[in-house]
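Secondary and tertiary structure notes
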Amino acid sequence: MTSALLERRSLPAPTTVERARPRLRRMRYEPESGATSDPVRARTETGPVDDGRVDVDPEAIRRALHGPLRLAMEVLDGRRPPAHLRRHFAPSAMRYWQVAAGQRRFRAPARLLRVLLCLPRTGAAEVSAVCEIDGRVRALAARFEQPGAGGPWRCTAVRLG
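From a predicted model like this one, the values you see are computed outputs, not experimental measurements.

1. Some thoughts on the sheet that holds strand S1 (residues 111-121)
Read from one edge to the other, the open sheet built from 4 strands follows the order S1-S2-S3-S4, with strand pairing classed as antiparallel. The open sheet has two edge strands, S1 and strand S4 (154-160), and neither has a second partner. Direction aside, the axes of adjacent strands within the sheet are offset by 20° on average. In this sheet, S4 lies alongside strand S3 (residues 136-145) in antiparallel orientation, the contact comprising 6 bridges. Residue Glu145 lies in a different strand from S4, and its bridge partner there is Arg154. In the packing of helix H2 (residues 58-77) onto the sheet, contacts are made with S1, strand S2 (124-133), S3 and S4, and the angle to S1 comes to roughly 130°. Running over the sheet, helix H3 (residues 91-103) touches S3 and S4 and is turned about 35° from S4.

2. Let's talk about the pairing of S2
Where S1 meets S2, 8 bridges bridge the pair, whose relative direction is antiparallel. For Leu116, the partnering residue across the bridge sits in S2 and is Ser128. By the bridge criterion, 10 bridges tie S2 to S3 in an arrangement that is antiparallel. Residue pairing in the sheet places Ser128 in a bridge with Ala141 of S3. The antiparallel pairing of S2 with S3 creates a hairpin that spans 2 residues between the two strands, and Asp134 there sits at a positive phi of about 55°.

Parameters at a glance
Residues numbered from 1 in each chain as written. Predicted model: local features only at pLDDT ≥ 70, side-chain atom pairs only at ≥ 80, totals over all residues. Heavy atoms only, no water. Pairing = 2+ DSSP bridges. Helix = DSSP H or I, 4+ residues; strand = E, 2+ residues; numbered from the N terminus. Axes fitted to C-alpha atoms, helices over the stretch in contact; angles between N-to-C directions. Contact = heavy atoms within 4.5 Å.

Here it is in structure tokens:
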């Protein structure tokens, strides 16, 4: 071996590695800043609010919300027109769902596999659902609000993951 290979070289002192900043990109269906859509407000409560109402039946609410979610899956597939959702979806949620349906190429019917329900307060329900879309398992999150006692539930926010 040559002496050049055996020569001991000093290594530079270790330096802190700067982490690359994550690159975020705006999805096409997200409203631009300054848009007139209502922003989703963060919850300030630390847990469910106990307002003394004992007549809340979570299973009845789950059944009531399953219909609009199934209808949304049919709109996503193109089996129903988006106008069928207008009664159940707020305008901002409707815009999101129409764009999501427009970006999708239909390969197989979408279906709900499981629906989980959280009741953070009276008149509000947060739904997380597991659905199969085009052979892939996807997550769906939605918030429904009921303006009056016994009135219809209306989806105010929806996201498909």
